[in-house]
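Residue-level structural notes
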Amino acid sequence: QVQLVESGGGLVQAGGSLRLSCTASGRTFGSYSMGWFRQAPGKEREFVAAISRSGRSTYYADSMKGRFSISRDNAKNTVDLQMNSLKPEDTAVYYCAADRRGGSSSSVLDYAYWGQGTQVTVSS
């Protein structure tokens, strides 16, 4: 089992940047593929990005490609999401998630472990 804690959210103007971080507990962090998801008010939780166990493979939702970057440090048990060129429509609660099966999936159903979320608000 793994516990996840996100940090780094906040208020930023459109065009600005934020870096989210997720810290995992336990000694088996490298056995999980990791994902970032987000949920805006009144909307379903949606995929943002995922990264493989080793960090060599990354995946992004189409609307995030070129703006967001996911990375991980298995020695520090962290996975980060660098968000650039932020838009008001990026406003949401951002969640970190872990998948023991290592599939780097874009589906919320494949992730068994979730953090509590961190709020990102982008003003116009």
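Below is a summary of the structure that appears in this document. Just so it is clear, the model here is predicted, and its values are computed rather than measured.

This part covers the pattern of salt bridges. The final tally for this structure, using the stated rule, is seven salt bridges. A salt bridge links D90 to R67; the nearest nitrogen and oxygen atoms lie 2.7 Å apart. Of this pair, D90 sits in the loop between β8 (78-83) and β9 (92-99) while R67 sits in the loop between β6 (58-60) and β7 (68-73), and the two are 23 residues apart along the sequence. Each member of the pair, D90 as well as R67, carries the same accessibility label: buried. Within the structure, one salt-bridge network assembled from shared partners comprises R38, E46, R67 and D90.

On the basis of which strands lie adjacent, the open sheet formed by four strands has the order β1-β3-β8-β7 and antiparallel pairing. Edge positions in the sheet fall to β1 (4-7) and β7, since each of these pairs with one other strand and no more. Within this sheet the neighbouring strands show an average axis-to-axis angle of 15 degrees, counted without direction. Bridging between β7 and β8 involves six bridges; their strand directions are antiparallel. Looking at β8, one finds that F68 is bridged to M83.

This brings us to unusual backbone geometry. The phi angle at N77 is positive, at roughly 60 degrees, despite the residue not being glycine. Along the polypeptide, N77 turns up in the loop between β7 and β8. For N77, a relative accessible area of 14% corresponds to the buried category.

Looking now at the nonpolar core. Counting 35 residues, the largest nonpolar core has M34, W36, V79, L81, M83 and Y94 as its most contacted members. Contributing elements (two or more residues each) for this core: β3 (18-24), β4 (33-39), β5 (46-51), β7, β8, β9 and β11 (118-123).

We now examine the packing of aromatic side chains. Across all of its chains, the model carries six aromatic pairs by this definition. Ring geometry for F37 and F47: centres 5.7 Å apart, planes at 70 degrees, overall edge-to-face. You can see F37 sitting in strand β4 and its partner F47 sitting in strand β5, a full ten residues away along the chain. Look at F37 and you get buried, because its relative accessible area is 0%. The exposure class assigned to F47 is buried, which follows from its relative accessible area of 13%.

With respect to the helices and strands, the residue Q82 is situated in strand β8. Separated by twelve residues in the primary sequence, Q82 and I70 place their C-alpha atoms 6.4 Å from one another. With sequence-adjacent residues up to four places away left out, Q82 is seen in contact with S17, L18, R19, R67, F68 and S69. Here the side chain of Q82 touches R19 through a polar contact of 3.0 Å, side chain to side chain. Among the polar contacts made by the side chain of Q82, one reaches the side chain of N84 at a distance of 2.9 Å.

Reading guide: rules and limits
Residues numbered from 1 in each chain as written. Predicted model: local features only at pLDDT ≥ 70, side-chain atom pairs only at ≥ 80, totals over all residues. Heavy atoms only, no water. Salt bridge = Lys/Arg side-chain N within 4 Å of Asp/Glu carboxyl O. Helix = DSSP H or I, 4+ residues; strand = E, 2+ residues; numbered from the N terminus. Buried < 20%, exposed > 50% of the residue type's maximum accessible area, 1.4 Å probe, protein only. Pairing = 2+ DSSP bridges. Axes fitted to C-alpha atoms, helices over the stretch in contact; angles between N-to-C directions. Core = buried A, V, L, I, M, F, W, Y, C linked by side-chain atoms within 4.5 Å. Phe/Tyr/Trp six-rings, centres within 6.5 Å; stacked < 30°, edge-to-face > 60°. Contact = heavy atoms within 4.5 Å. Polar contact = N/O pair within 3.5 Å; in protein donor to acceptor, adjacent residues only side chain to side chain.

All quantities given are derived from atomic positions and should not be read as evidence of function.
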